[in-house]
Amino acid sequence: MSIRIGNAPCSWGVEFANDPRNPDWKTVLSDCAKAGYKGIELGPIGYMPEDPAILRDALSEYDLELIGGVVFRPFHAPDQWHDVMDGAVRTCKALAAHGAEHLVLIDSISPRRAPTAGRATEAEQMDKAEWTAYRDKFATIAKMGTEEYGLKVGIHAHAGGFMDFEPELDRLLDEVDEKHLKICFDTGHHSYAGFDPVAFMKRNIDRISYMHFKDIDPVVKAAVVAERADFYDACGRQIFCNLGQGDVDFNAVRDVLVGAGFEGWCTVEQDIDPTLPCTPLEDAGSNREFLESIGFK
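Residues numbered from 1 in each chain as written. Predicted model: local features only at pLDDT ≥ 70, side-chain atom pairs only at ≥ 80, totals over all residues. Heavy atoms only, no water.

Helix and strand counts for the protein chain stand at 11 helices and nine strands. For 297 residues, the compact-globule estimate of 2.2 N^0.38 gives 19 Å, and the C-alpha radius of gyration of the protein chain, at 18 Å, lies within 12% of that figure. Seen through its principal axes, the protein chain has C-alpha atoms that stretch 50 × 45 × 40 Å. With 297 residues in all, the protein chain has 58% of them scored as buried. Considering only residue pairs separated by 6 or more positions, the protein chain has 81% of its internal contacts joining residues 24 or more positions apart. Per element, the accessible surface of the protein chain, about 11900 Å² overall, is 49% carbon and sulfur. Between the mean site of the 30 positive side-chain charges and the mean site of the 50 negative ones, the protein chain shows a separation of 3 Å. (Helix = DSSP H or I, 4+ residues; strand = E, 2+ residues; numbered from the N terminus. Rg over C-alpha atoms; globule rule 2.2 N^0.38 Å. Buried < 20%, exposed > 50% of the residue type's maximum accessible area, 1.4 Å probe, protein only. Contact = heavy atoms within 4.5 Å. Areas by Shrake-Rupley, 256 points an atom, 1.4 Å probe, with all protein chains shown as cover. Lys, Arg positive; Asp, Glu negative; His and termini not counted. Charge placed at Lys NZ, Arg CZ, Asp CG, Glu CD.)

Structure, rendered in structure tokens:
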């Protein structure tokens, strides 16, 4: 199986670059290596050093390869385009400097959508003008990442944003050129949204360029959806459990990937609330062991 398994800073609670709760970036690199991984994502731009020489030396020290990076910015906000572009350009430059392959685009959480995470039939929808502008932002950055920086660009659905549920993901994929925009498929967010991750993978495997492995505790999911809890409350209640302990069928995920001849990186993402007692190193090791037990190396 020519699939490689990496991890990401969000598994250590790193969501925003300047959050004072963040662990030191070298601690994350060290823990990732200790847990047996050979690759790691960049995390939010500005968390790890943007000086290529500094980060290159650290990656070498821990025998890690930079896999990719995420632009988690408010694509939905009409007055925040400068912020989205800032994150995208800086992330592209950082990835290109280290020969990383994957640029992941995620619409950040919107107050208009956060209350309906997990409830597709209740979620507010954009009007035509909003959607067109929204779609064009993804298309612009995907084209830039592909043509100017040589990256594989993937759209990533995320609870609480306007790119959350399967129908809007399908719509975006239909309207943006496939040569620019692929899919970074997150198993956990798809389950959180109320859809079948494996069924979606089977329909779209030819467009999936990158995977995020995440599992969902079905008991917590049912509770937070019923209570209309927001995404960060759900994280605090540990909706993202260790792999193999939730409702995602990772044996079936493996079978779809292997059957399609998928090659490249799949990255573990276990979002946690850094204000709560947590064991990211131990969890990273357990997730690695689980994936090895079902045939991922």
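Moving on from the coordinates now.
Attention shifts here to the pairing of strand β4 (residues 68-73). Most of β4 sits out of view: six of its six residues are buried. Burial along β4 is two-sided: Gly-68, Val-70 and Phe-72 and Gly-69, Val-71 and Arg-73, pointing in opposite directions, are all buried. With six bridges joining them, β4 and strand β5 (residues 102-107) adopt parallel strand pairing. When the sheet's bridge partners are listed, Val-71 is paired in β5 with Leu-105. A crossover connection joins β4 to the parallel β5 through helix α3 (residues 81-97); in handedness this β-α-β unit is right-handed. (Pairing = 2+ DSSP bridges. Right-handed = clockwise from strand over helix to strand, strands pointing away.)

For the rest of this paragraph, the subject is the nonpolar core. Grouped together as the largest cluster of nonpolar side chains are 73 residues, with contacts concentrated most on Met-211, Phe-213 and Leu-257. Here this core takes six residues from helix α4 (residues 128-147), the largest share from any one element. (Core = buried A, V, L, I, M, F, W, Y, C linked by side-chain atoms within 4.5 Å.)

Of all five residues that make up strand β9 (residues 264-268), four are buried, and the element is covered over most of its length. Of the strand pairs in this sheet, strand β1 (residues 3-7) and β9 are connected by five bridges, and their pairing is parallel. For Ile-3, the partnering residue across the bridge sits in β9 and is Gly-264. In the sheet, strand β8 (residues 208-213) pairs with β9 via three bridges, with the strands oriented parallel. Paired with His-212 across the two strands is Thr-267, which belongs to β9.

In this section: the environment of Asp-51. In this structure, Asp-51 sits in the loop between β2 (39-40) and α2 (52-61). Each C-alpha atom, one on Asp-51 and one on Asp-19, is 20 Å from the other, the two residues being 32 residues apart in sequence. At a separation of 2.9 Å, a polar atom in the side chain of Asp-51 contacts the main-chain amide nitrogen of Ala-53. (Polar contact = N/O pair within 3.5 Å; in protein donor to acceptor, adjacent residues only side chain to side chain.)

Let's shift gears to helix α10 (residues 250-259). One full turn of an α-helix is made of 3.6 residues, so residues set three or four places apart face in the same direction. Every buried residue of α10 is listed here: Phe-250, Ala-252, Val-253, Arg-254, Val-256 and Leu-257. Phi for Gly-261, located one or two positions after α10, is positive at around 70°.

So yeah, pure geometry; function would need other evidence.
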